[in-house]
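Here are the chains, one letter per residue:
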Amino acid sequence: MKITLQVSGIAIAAVMAGPAAVWAQGLGAEGSPVEITMIANEAFANQWQEQMVPEFQKVYPHINVVIDGVPYTELLAKSMLDATGPDPVYDIIIADDPWTPQLAQTGVLLDLKGEQVAGWTAPEFEWDDFYAAPLAASEWQGVQYGVPLRSNLLLMFVNKSLYEKAGLPAPTPELTWEQFFEQAPQLVQDTNGDGKVDAWAVDTYFLRDPLTPTIWQTIMNSNGGALLGEDGKAAFNNETGVAALETHKRLLEFAPPGAVSHGFNESLQAFRQGQVATMFTWGSVFKGTAVDPATTTLTPEQVGIQVMPVGSASAGAHRGIWSGVINNKSENAEAAWALLQWLSSKEGEAWQSNTLGVFPARRSTLDSTPESEWMAPVFEALKQGYEVAEQGQMWRPRTPKSDAVQQVLADEVSRALSGQIAAQEALDTAASRIDRLLD
Amino acid sequence: MAVTDHSEGARQARTRSGRDWSDLVSRWSFMLPAAIILAAVLAYPILYTFQISFASLDLATFTATEWVGFENYREILGDRGFWNSMKVTGIYLAWALPIQMILGFGIAYLINVEWKGRSAVRALFLIPMVVAPVVAGGIWRMMLDPLWGMVNWFLGLLGLGNPDWLGDPNLAMATIVIIDTWRWTPFVILIATAALMALPKDVFEAADIDGANWWTKLWSITIPLLVPIIAATFVVRWLGAVKMFDIVLASTRGGPGDATNVVNLYIYEQAFRSLRFAESAAMAVVVLVLTMILTGLFLIGTRRLERSY
């Protein structure tokens, strides 16, 4: 595998090399290496620095890569501040799903399908090989600014053992919301016979957090609803939106005590300890939830993964893609693109998926057989998830004010989930605030 | 002779004036570095905040581009979230400050007797204060979790139910007050203990001779003598409490709903998550002005209290 990777990498490098002078300046040379810098989420920056960079340097030995890890909450502001400065530090920004419009609006991003970059792009890179949904995360107003590097989707995790204990068949991707709620009461159960309930049907995001509304949004999208209309105004304060929010709130009836203050960490903890039968969360936690005994009590045989339940329009899966974008003021744009291109190439993606367990975005990777057996059901869920996400536009709002919109939704959805106000009032308030914001 | 005297006086005056000038220069040469640093780290951010609160901020350059007058202030006047966060902060302050003051001075009074190990206990009081607020919030969040937390496990043993400390909108505010009280009451205790130990003993001995009981001594001697300290401690705690942010962020994130969304968290979210820096600057200015007014009122009240005792 490594030999294949190196040969392919050298082939890409050779195709991109062109005249010897360009090679020496753009991609470094013996004795005069190029150094590129990247700002990324601290959650994976270290892993990339320690494992991905050495692998990349097997192909591009004269490109040094320095990755700065920044906490998620500060990443956008720091990236913006640096990118818009006269002399930016970072050549590459790793941007979360909704950030491309905000970064692109400032005019600092390089068009990766433009003439300049096209000259550095290997023919076998094949843009069309990417699923449309993950690639669209870094597209804005018809320009492709990034490539998907760490793909993710909101998916449904299933503890098959708890379904079996409740005498229920393990769910399939055809499970509807009606069927989910029919089965939910039986999944709130006493598993050890001591007379106390010790397992619940579901846990997910309920606390006040910008990611909590993604659950409601996915339910709404799978029932044909949309966040914003064609006119760019709020389109969710209607029957479909209200019903979706009430569905989200109804999940609390079958969730562990205190779940209204649960978010990513708490729901993950509950699922990994075998206390909940289902969990709606980001698929990327699958390895730590089903495979790694250091972080979970469950085994791959016990854990299922699939798209979220089916609504009136389709199943659900909310997109969350980390994309790599390049600052157009970068003096090392060619080297920066060499890194992004390698990491998102068929070879790089396969290496990342097999070695780091990172989810791919290419059809060719997802159609291949993963090296780890546990990845096979994940690949199936991702393929279906990308399709439904594309079909139902299941992503956060595509606007330069995306984070502000998401914060408003977090405020109002949380008020509804905690019972402070009714779902209709919450969505009406959110709609009015968002329309004012986007006006 | 008179001429000589006069010229001698003028020379002395010139010498004195030169000495004064030299003294002034030497004083300022010592003060200037500190003054410049203070201006840079304190005055500049405040002035910049004022500037962008009256401007529209270009995110491409992070600079104020256009003077918009009071537009940002008008915007926040209609922002329900901002006024709710002010209300939430008011509720938090109204509960947390009196509880911490009463508990702090009360505990200090009760432990203000000579006993072996008093110094060690006093040192232990420092622990909550040195724990980082984010860590404190996270630990309390774990302890109060209805599913895994030891607090509810203990309450369950006593048959006291399973309260949802962080999920119930009313209880969540109480939880924030409890965590903040755990963290800051020891600070009040330490100040109060030092103040109690410094009280003049002869006054109490005279009261003992006069046959005063403990209540009379407390009400008529201890409290009046402590009034300046109580007032000063209150102002210090007020200035600390009004900045409440990290404990809320770590424990409830402002929820459930908006039950614990204090104003500093709201401003932070609007600035760094929603990138509404100009509006956030306007909110920060409003909070700054209100805090200064209230602090001024508290200081005036403190002086009056000191005079009346």
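Residues numbered from 1 in each chain as written. Chains lettered and ligands numbered in written order. Predicted model: local features only at pLDDT ≥ 70, side-chain atom pairs only at ≥ 80, totals over all residues. Heavy atoms only, no water.

A look at the overall build of chain B
What counts here: Comment: elements are numbered from the N terminus, with helices defined as DSSP H or I runs of at least four residues and strands as E runs of at least two. Our radius of gyration looks at C-alpha atoms and nothing else; its globule reference is 2.2 Å times the residue count to the power 0.38. The contact criterion used throughout is that any non-hydrogen atoms of two residues lie within 4.5 Å. All accessible-area figures derive from a Shrake-Rupley calculation using a 1.4 Å probe, and residue coverage is judged against the displayed protein chains alone.
Across its full length, chain B carries 13 helices and two strands. Here the C-alpha radius of gyration of chain B, 27 Å, is well above what a compact globule of 309 residues would show, namely 19 Å. Each principal axis of the C-alpha atoms in chain B carries an extent, and together these give about 105 × 75 × 35 Å. Sequence-distant contacts, at least 24 apart, represent 66% of the contacts inside chain B between residues at least 6 apart. When the accessible surface of chain B is summed, it comes to about 17,200 Å², and 71% of that surface belongs to carbon and sulfur atoms.

Details of the overall build of chain A
Applied cut-off: Burial classification: accessible surface area is computed with a 1.4 Å probe over protein chains only, and a residue below 20% of its type maximum counts as buried, one above 50% as exposed, and the rest as partly exposed.
Across its full length, chain A carries 19 helices and eleven strands. Scaling as 2.2 N^0.38, a compact globule of 439 residues should have a C-alpha radius of gyration of about 22 Å, and chain A matches this with 22 Å. In chain A, which comprises 439 residues, the share counted as buried stands at 62%. Long-range pairs, those at least 24 residues apart, make up 75% of the contacts in chain A between residues at least 6 apart in sequence. If you sum the accessible surface of chain A, you get close to 16,100 Å²; carbon and sulfur atoms cover 49% of it.

Here's the deal with the pairing of strand 2 (residues 63–70) of chain A
We count it as follows: We call two strands paired when DSSP finds no fewer than two bridges between them.
For strand 1 (residues 34–41) of chain A and strand 2 of chain A, the ladder comprises eight bridges, and the chain directions are parallel. Residue pairing across strands places N41 of chain A opposite V70 of chain A, the latter belonging to strand 2 of chain A.

Some words on the sheet that holds strand 1 of chain A
Strand pairing in a sheet relies on backbone hydrogen bonds, with the paired strands running either antiparallel or parallel. All names here are of chain A. This is how the line gets drawn: For helices, the axis comes from a line fit to the C-alpha atoms of the stretch in contact; other axes are also lines fit to C-alpha atoms, and the angle between any two N-to-C directions lies between 0 and 180 degrees.
Within the open sheet, the five strands sit side by side as 2-1-3-11-6. Their pairing is mixed. Unpaired on one side and paired on the other, strand 2 and strand 6 (146–150) mark the two borders of the sheet. Direction aside, neighbouring strands of the sheet carry axes that sit 25° apart on average. Of the pairings in the sheet, the one linking strand 6 to strand 11 (residues 322–326) comprises four bridges and is antiparallel in character.

What about the environment of W215 of chain B?
Residues and elements named next belong to chain B. In this fold, W215 is placed in helix 10 (residues 214–241). Relative accessible area serves as the criterion here: at 47%, W215 is assigned to the partly exposed category. Taking the C-alpha atoms as reference, W215 lies 45 Å from A284; in sequence the two are 69 residues apart.

Examining the packing of aromatic side chains
Residue and element names in this part refer to chain A. As a reminder, the rule being used: In summary, the pairing rule links any two rings of Phe, Tyr or Trp, Trp by its six-membered ring, whose centres are within 6.5 Å, and it sorts them by plane angle into stacked for under 30 degrees, edge-to-face for over 60 and tilted for everything else. Ring-over charges, as used throughout, are those where CZ of Arg or NZ of Lys falls within 6 Å of the ring centre and within 35 degrees of the ring normal.
Enumeration over the complete set of coordinates arrives at 39 aromatic pairs over all chains. Between W127 and W337 the ring centres are 6.0 Å apart and the planes differ by 10°, which places this aromatic pair in the stacked class. Residue W127 is located in the loop between helix 6 (115–118) and helix 7 (132–136), and its partner W337 is located in helix 14 (residues 333–344); the two are separated by 210 residues in the primary sequence. Accessibility assignment for this pair places W127 and W337 in one class, buried. Over the aromatic face of F130 sits the side chain of R362, whose NZ or CZ is 4.1 Å from the ring centroid. The ring of Y131 has R363 lying over it, and the distance from NZ or CZ to the ring centre is 4.2 Å.

Brief notes about unusual backbone geometry
The phi torsion of most residues other than glycine is negative, and most of the peptide bonds are trans. Residues and elements named next belong to chain B. Between G255 and the following residue, P256, the backbone shows a cis peptide bond with an omega angle of -5°. Residue position: P256 is located in the loop between helix 11 (246–251) and helix 12 (263–273). Positive phi outside glycine occurs at R253, with the angle close to 55°. Structurally, the position occupied by R253 is in the loop between helix 11 and helix 12.

Some thoughts on the domain arrangement of chain B
Our working definition: Note that domain bounds follow an automatic or database assignment of domains.
Each assigned domain of chain B is listed here: domain 1 (2–47) and domain 2 (79–308). On a C-alpha basis, the centres of domain 1 of chain B and domain 2 of chain B stand 44 Å from each other.

Considering the interface of chain B and chain A
The line we're drawing: A side-chain nitrogen of Lys or Arg and a carboxyl oxygen of Asp or Glu constitute a salt bridge if their distance falls within 4 Å. Whenever two N or O atoms come within 3.5 Å, that pair is a polar contact, provided that in protein one can donate a hydrogen and the other can accept it, and provided that, for residues adjacent in sequence, both atoms are side-chain atoms. In this classification, the charged set is Asp, Glu, Lys and Arg, the nonpolar set is Ala, Val, Leu, Ile, Met, Phe, Trp, Tyr, Cys and Pro, and all remaining amino acids, among them Gly, are polar.
Contacts between the two partners involve 36 residues from chain B and, on the opposite side, 36 residues from chain A. Seen at the junction of chain B and chain A, the total is five salt bridges. Summed over the shared surface of chain B and chain A, the number is eleven residue pairs in polar contact (both at pLDDT 80 or more). Tallied by class, the residues present in the side of chain B that touches chain A amount to 15 nonpolar, ten polar and eleven charged.

Thoughts on the pattern of salt bridges
Using the criterion set out here, one finds 28 salt bridges over all chains in the structure. As a salt-bridge pair, K78 of chain A and E74 of chain A come within 3.3 Å of each other at their nearest N and O atoms. Note that K78 of chain A and E74 of chain A are positioned in helix 4 (residues 72–83) at a spacing of four residues, about one turn of the helix. Between D411 of chain A and R208 of chain A there is a salt bridge; the shortest N-O distance is 2.7 Å. Of the two residues, D411 of chain A is situated in helix 18 (residues 402–417) and R208 of chain A in the loop between strand 8 (200–203) and helix 10 (213–222); the sequence distance between them amounts to 203 residues. It is possible to trace a salt-bridge network through shared partners that takes in R208, D411, E412, R415 and R433 of chain A together with R80, D258, E269 and R273 of chain B.

Details of the domain arrangement of chain A
Residue and element names in this part refer to chain A. The line we're drawing: Buried area adds together the accessible area that both of two parts lose upon being put together, with accessible area traced by a 1.4 Å probe.
You can read the domains of chain A as domain 1 (2–152 + 320–380) and domain 2 (154–318 + 399–438). Summarising the inter-unit geometry, the C-alpha centres of domain 1 and domain 2 are found 31 Å apart. If you look at the interface, domain 1 gives 13 residues, while domain 2 gives 14 residues. Together domain 1 and domain 2 conceal approximately 1,200 Å² of surface at their shared face, both sides included; 64% is due to carbon and sulfur atoms. It is Q102, N152 and W374 that lose the most area in domain 1 upon contact with domain 2, and together they represent 42% of the buried surface on that side. Between domain 1 and domain 2 we count zero salt bridges in total. Our count for the domain 1 to domain 2 interface comes out at three residue pairs in polar contact (both at pLDDT 80 or more). Looking at the side of domain 1 that touches domain 2, the elements that each hand over two or more residues are helix 5 (100–105) and helix 17 (375–392). When residues of the side of domain 1 that touches domain 2 are assigned to their parent elements, the largest contribution, three residues, is made by helix 5. Its residues placed into classes, the side of domain 1 that touches domain 2 shows nine nonpolar, four polar and no charged.

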